Amino acid sequence: MIDEENFTEEQLLILANPELNSDKMNTVCYCMKRGVSNKMMSKMIENHFNGDQVTAVIRAYNLKLPEDIIDKYIANVEFTGRKMQSLVNAFSIRLSEKEISLITDISLDSDQIDVIADAFQRLKNEEEILFLANPAFNADQMRSVMRAFLFGYDIDLISNIINPQMDHRIIDLVVKCIHKFPLKYIKFIASQTDIPFYKKQHRIALRNAGYIDPEVLAETIANRGYQALAKAIFDM
């Protein structure tokens, strides 16, 4: 039961929405008590925000983010709750207009947003951040690019040899090779077989080295790993 004395007339009108069941009504009451504005509350009801999305909005209000930022950049029904949380985290640090334009690119996913927000705090060169924040890079590639910059490599050098077609492990490998091979080789490396040292090799036992993550069991299984073990257990 709602204690009407604790709500304004406008809030009571929102709660009177016939689309609200008891669970949703309790959620609305909680949001109102956490400081979510009536305008935002109406928006979330109208667009049928799910629990994760509502949680992200509440957290934005708890962090006292400006209402216009929440409304314009965070409370988007097309975003997953995870992406909204990443945007909340990003806006919790002081962002310039340029940084806001980068972090709110509609094509970015939550992991990419997390990496870019981290780059805002760890990289000092704006050109480095602009290069890293390319939506064509996935989050793993962005992390590899950031490591290259943190190692002290020049933006002109990195931008000349690294591109979004490279797997993140290849980017890490290329960075290690920068001073070992001429740039005319490195800038065209897209896979391990493009590296002169590996080019003439025909790997058998190590054919997946550099292509799968050894710490992710699912990647090994997806690449026919453990088939010999399965055969030995079930077919012999």
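What you see as residue numbers is a count from 1 along each chain, following the sequence as written. A pLDDT threshold of at least 70 governs which residues receive local features in this predicted model, and a stricter bar of 80 or more applies before side-chain atom pairs are shown or counted, although totals over entire chains, interfaces and linings include all residues. To get the side-chain values, all heavy atoms of the structure are used, and hydrogens and water are removed first.

1. Topic: helix α10 (residues 139-150)
Right, so step 1: Under the scheme used here, helices are H or I runs from DSSP no shorter than 4 residues and strands are E runs no shorter than 2 residues, and both carry numbers assigned from the N terminus. Helices are assigned an expected span. That span is 1.5 Å times one less than the residue count. Look at α10: 16 Å from first C-alpha to last across twelve residues, which is about the 16 Å you get at 1.5 Å a residue.
Right, so step 2: Here α10 has its buried residues at Ala-139, Gln-141, Met-142, Ser-144, Val-145, Met-146, Ala-148 and Phe-149.
Right, so step 3: The contact rule is simple, with two residues in contact once any of their heavy atoms fall within 4.5 Å. Against α8 (110-122), α9 (126-132), α11 (155-161) and α12 (168-177) lie the buried residues of α10.
Right, so step 4: At the N-terminal boundary of α10, the capping side chain belongs to Asn-138, with an oxygen 3.1 Å from the backbone nitrogen of Asp-140.
Right, so step 5: Directly beyond the C-terminal end of α10, a positive phi value near 100° is found at Gly-152. The buried label goes to any residue with under 20% of its type's maximum accessible area, the exposed label to any with over 50%, and the partly exposed label to all in between, with areas taken from a 1.4 Å probe on protein chains only. The definition of a polar contact used here is a pair of N or O atoms within 3.5 Å, where within protein one atom must be able to donate a hydrogen and the other to accept one, and adjacent residues in sequence count solely through side-chain atom pairs.

2. Focus on the nonpolar core
Right, so step 1: Ranked by internal contacts, the top residues of the largest apolar core, which has 60 residues, are Met-44, Val-57, Ile-74, Phe-91, Ile-103, Leu-132 and Ile-162.
Right, so step 2: Here Ile-162 is in contact with Phe-131, Phe-137, Val-145, Ile-171 and Val-175, once residues within four sequence places are set aside. Only buried residues count toward a nonpolar core. Its members are Ala, Val, Leu, Ile, Met, Phe, Trp, Tyr and Cys residues joined through side-chain atoms within 4.5 Å.

3. Description of helix α6 (residues 81-91)
A turn of α-helix holds 3.6 residues, and therefore any two residues three or four places apart point the same way.
Right, so step 1: Within α6, eight of the eleven residues are buried, which leaves the element mostly enclosed by the surrounding structure.
Right, so step 2: Buried residues of α6: Gly-81, Lys-83, Met-84, Ser-86, Leu-87, Val-88, Ala-90 and Phe-91, and no others.
Right, so step 3: Of the surrounding elements, those touching the buried residues of α6 are α4 (51-62), α5 (67-74), α7 (97-103) and α8.

Keep in mind these numbers describe shape, not what the thing actually does.
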